[in-house]
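# Fold and geometry: a report
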Amino acid sequence: ILMIRAKVNQEIELKDYNDVWIIGELIEKKVHPVTIELIGEGKKLASRINKKLSVVIVGYGEKSTAEKLLHFGIDKVLYLDHELLKDFNTEGYANAISNLILERKPEIVLIGATSLGRDIGPRLAARVGTGLTADCTKLDIDENDGKLLMTRPAFGGNLMATIICPKNRPQMSTVRPGVMAKAEHTDHISGEVEIITPELSENDFKVKLINKAPSGKKKVNLIDAKVVVSGGRGLKEASGFKLIQELAEALCGEVGSSRAAVDAGWIESPHQVGQTGTTVRPDLYVACGISGAIQHQAGMSDSKYIVAINKDKNAPIFQICDFGIVGDLFEIIPNMIEAINEKHFLEI
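Let us look at the structure shown here. Please read all numbers here as calculations on a predicted model, not as lab measurements. (Residues numbered from 1 in each chain as written. Predicted model: local features only at pLDDT ≥ 70, side-chain atom pairs only at ≥ 80, totals over all residues. Heavy atoms only, no water.)

## As for the nonpolar core
By size, the foremost hydrophobic cluster in this structure holds 33 residues, and its most contacted members are Ile 39, Leu 69, Ile 74, Val 77, Leu 110, Leu 139 and Leu 148. For this core, the secondary-structure elements that each account for two or more residues are strand E1 (18-23), helix H1 (33-48), strand E4 (53-59), strand E5 (76-81), strand E6 (106-112), strand E8 (138-141) and strand E9 (148-154). Counting residues per element, this core draws most heavily on H1, at six residues. Each residue touching Leu 139, except ones within four places of it in the same chain, is listed here: Glu 41, Leu 45, Leu 110, Leu 148, Leu 149, Met 150, Ser 173, Val 175 and Met 180. Ile 23, Ile 120, Ala 125 and Phe 205 belong to the second largest nonpolar core, which has 23 residues in total. (Core = buried A, V, L, I, M, F, W, Y, C linked by side-chain atoms within 4.5 Å. Buried < 20%, exposed > 50% of the residue type's maximum accessible area, 1.4 Å probe, protein only. Helix = DSSP H or I, 4+ residues; strand = E, 2+ residues; numbered from the N terminus. Contact = heavy atoms within 4.5 Å.)

Structure (structure tokens):
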């Protein structure tokens, strides 16, 4: 397979690169939540370096969806519109976006660390000859020279590394969903949509989409959940998650877990909350049998209300929770479920 890669550390003029770009994402004609999160963060960065903010959208015949992004206070939507881009294709997306980057020269490019973003992000960086900091949890601007400071977990989440890209442009990073606060919707529109038709042919594609088949499994959506009930090592075994599931259903929430529970094979990795899992900001987070190591706190400490249930009164989770219950979760949770169900019945 031919690898398209540009030379890194090539002779470039940094002053030729301007503006902040977000690589947006559409799923079934809907804007992915991470795009709104990146717009919120992108606006802060663009303001710090006095640049404009644009969102790049790839698709076909969805101008009306792209226009909705203007309600989040951005300067421009660059809509790459082509029939061959109707469905996601790695080669097609990488070609169209990288060519636009080489032509327009953005200073900063941010991509969601979704399955799509993790697919095309490295390819974009290789094609334009720059670096990519993956899975960032914090972004900032260096006050001295305006460089992008990209922070991400390193060494298995045991420390945080801040990375810079001093010689290459654009400065690129993928950003973990759920970490950044979403941009606020506004009725006022000051930006515009620019429709761009990239030069593509079917010969550019090594893969063709034949059909879409749903997996049949319920998708775990921790990021948008208003309530998350998580279980940890205190559940003792995989069967303990049945109790967590019952409490989550009673509260109309999603099931989360600590890394220890995932590593033990008790639950699948999409449920993992923490520095090396998903970052969540629900209205209510219930930590059951989770000690609250700093790596777990990094993924849920911004929850509006935190309830902790643990036998160990000295567990770190009690230092950040709003309500703490010291006791056996196998006794406490059934009582909670009963009380919640009773209340629901009375309300009906």
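After that view of the structure, there is still more to cover.
## Brief notes about the sheet that holds strand E16 (residues 305-310)
The parallel open sheet is built from five strands, whose spatial order is E14-E13-E15-E16-E17. The open sheet has two free edges, formed respectively by strand E14 (254-257) and strand E17 (323-326), since each of these has just one partner strand. With strand direction ignored, the average angle separating the axes of adjacent strands in the sheet is 15°. In terms of strand pairing, strand E15 (residues 284-288) meets E16 through five bridges, oriented parallel. Across the sheet, residue Ala 287 finds its bridge partner in E16, namely Ala 308. Sitting on the sheet, helix H5 (residues 241-250) is in contact with strand E13 (227-231), E14 and E15, with an inclination near 140° to E14. (Pairing = 2+ DSSP bridges. Axes fitted to C-alpha atoms, helices over the stretch in contact; angles between N-to-C directions.)

## What about the packing of helix H3 (residues 90-104) against helix H4 (residues 115-128)?
Interhelical geometry of H3 versus H4 gives an angle of 45° and a closest axis separation of 9 Å. Considered as vectors, H3 and H4 are oriented oblique to each other. For the pair H3 and H4, the crossing hand works out as right-handed. Every residue of H4 that contacts H3 at Thr 90, Glu 91, Tyr 93, Ala 94, Asn 95, Ile 97, Ser 98, Ile 101 and Leu 102 is listed here: Leu 116, Asp 119, Ile 120, Arg 123, Leu 124, Arg 127 and Val 128. A class-by-class count of the residues in the contact of H3 with H4 yields nine nonpolar, three polar and four charged. (Parallel < 35°, antiparallel > 145°, perpendicular 65-115°, else oblique. Left-handed = near helix turned anticlockwise from the far one by under 90°. Nonpolar A, V, L, I, M, F, W, Y, C, P; charged D, E, K, R; others polar.)

Function cannot be inferred from these measures alone, as they are strictly geometric.
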